[in-house]
Amino acid sequence: MQSILTLPSSSASSLTVSTRKRKAPLHSHSLSLSSSLNENNNNVSTYTHCPSRRLALFALGAAIPESHLLGVRASNLLGMEKHAMEDTTFPKMVPPSTAVAEQNALDWVNTDKRRMLHVVYSVGDLEKTIKFYTECLGMKLLRKRDIPEERYSNAFLGYGPEESNFTVELTYNYGVDKYKIGTGFGHFGVVVEDCVKTINLVKAKGGRVATEPGIVKEGNAITAFVEDPNGYKFELLERGPTPEPLCQVMLRVGDLDRSISFYKKALGMQLLRKKDNPESECTVAIMGYGPEDKNTVLELTYNYGIKDYDKGNGYTQIAIGTDDVYKSAEVIKLRGGKIIREPGPLPGINTKIAVFLDPDGWKSVLVDNVDFLRELE
């Protein structure tokens, strides 16, 4: 498990840049995301980051046999009595202790200290990716480790220490040199001082520029898009200084209002802003734990008429810090999320985590705040 980042206000600069219209079926929009758990959303490679830690699910059932000792008339009377009892409010009553426990769990999101720690995804060439991030995007290699017994390596990069900043966790699985990104993942956002200067640097280093610098149609911000050696897109945002340059993760969703409700009620995020863009045929919601100029945010994008996306097997999950993974996991369940790894300590390192899926099937992991900091010591 590890951490990093977010954004500020734009600077128009004195550069003369043409407006670029970015209309596409899967628009990424510029409103302008752990550890070795790589239980990917779909068909991950044959190599896994760690041994399976999924818990078995148990279900209890009970049946009340119907009496055959009575005559037909008595049996019918019993059936009528049973039906009448079911129509009363008694079966629907919730034990007071249960109701109180559930309310306490739901209130937990308002007091818990949460932060987006890091985003995890797989790459086909770890060294080449590290070189691109450090030389072209200005990130720092914070740490790197190799786990030969589990046939993977990973590296943590970002713009500040993991204790306080959002980071990327890159995973390289032995022998796998390519991943399918899919149509659901959008991009990462990075704040830069000079968009044109950064684009020229990317070109000089042999990087791929997906979109040249341009002024966003809906405002005056200068942005551009580049791709890392694995095909993951980064939106460059020309803005002022920020403590979180790795400022956003964009994911596409099939029902924006449903997603907003889940991230607010289950994860305690704030809806920072929401904007409909008819010309681009999309609506965007910015969610996070604080203002965009100081925190990493989650950009959720709904493209008109598209309810489902191919998530590929490259992007994995976002890690979110919490003071209590057990309480936080309970809220996820109560709000309709799906727990795929029950809360508890990881074997070997004893860091407590819980893994869940949001309504669209995007995976996230809850990480105990104290355990996370202990891992970094």
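Residues numbered from 1 in each chain as written. Predicted model: local features only at pLDDT ≥ 70, side-chain atom pairs only at ≥ 80, totals over all residues. Heavy atoms only, no water.

**What about the environment of Lys233?**
Note the cut-off: Secondary structure counts use DSSP, requiring at least four H or I residues in a row for a helix and at least two E residues in a row for a strand, with both numbered from the N terminus. Note on classification: 1.4 Å probe, protein chains only; a residue is buried when its accessible area is under 20% of the maximum for its type, exposed when over 50%, partly exposed between these limits. Any pair of residues with heavy atoms lying within 4.5 Å of one another is described as a contacting pair.
Tracing the backbone shows Lys233 in strand 8 (residues 233-238). By relative accessible area, which is 31% here, Lys233 ends up partly exposed. Separated by 46 residues in the primary sequence, Lys233 and His187 have C-alpha atoms spaced 4.8 Å apart. Beyond its immediate sequence surroundings of up to four residues, Lys233 is in contact with Phe185, Gly186, His187, Phe188, Val226 and Glu227.

**Looking at the packing of aromatic side chains**
To be explicit about the condition: Each Phe, Tyr or Trp ring, with Trp reduced to its six-membered ring, pairs with another whose centre is within 6.5 Å; inter-plane angles below 30 degrees give stacked pairs, above 60 give edge-to-face pairs, and intermediate values give tilted ones. Two conditions define a charge sitting above a ring: the NZ of Lys or the CZ of Arg must be within 6 Å of the ring centre, and it must be within 35 degrees of the ring normal.
Within this structure, the stated rule accounts for 14 aromatic pairs. Considering the side-chain rings of Phe185 and Phe188, the 4.9 Å spacing of their centres and the 55° angle between planes classify their relative orientation as tilted. Both residues of the pair, Phe185 and Phe188, count as buried. Members of the aromatic cluster, each reached through a chain of ring pairs, are Tyr121, Phe132, Tyr133, Phe185, Phe188, Tyr232, Phe234, Tyr315 and Trp362. The ring of Phe156 carries Arg143 above its face, with NZ or CZ at 3.9 Å from the centroid.

**So, helix 7 (residues 369-376)**
The test is simple: To be clear, the arc concerns the directions from the helix axis to the C-beta atoms. Any pair of nitrogen or oxygen atoms within 3.5 Å is treated as a polar contact; in protein, a donor-acceptor pairing is required on top of that, and neighbouring residues in sequence qualify only through side-chain atoms on both sides.
Of all the positions in helix 7, only Asn369, Asp371, Phe372 and Leu376 are classed as buried. For helix 7, the buried positions fall inside an angular range of 165° around the axis, keeping them on one side. On its buried side, helix 7 packs onto strand 1 (115-122), strand 2 (140-147), strand 13 (315-322), strand 15 (352-357) and strand 16 (363-368). Where helix 7 begins, the capping side chain belongs to Asp368, and its oxygen is found 3.0 Å from the backbone nitrogen of Val370.

**Here's the deal with the sheet that holds strand 13**
For clarity, the threshold we go by: Paired strands, as defined in this entry, are two strands with at least two bridges between them according to DSSP. Working convention: axes come from line fits to C-alpha atoms, limited for helices to the stretch in contact. Angles between N-to-C directions cover 0 to 180 degrees.
Across the sheet, eight strands lie side by side as 2-3-4-1-13-16-15-14; this open sheet has mixed pairing. Pairing within the sheet leaves two strands with one partner each, and these edge strands are strand 2 and strand 14 (338-345). Direction aside, the axes of adjacent strands within the sheet are offset by 20° on average. The sheet contact formed by strand 13 and strand 16 spans five bridges and is parallel.

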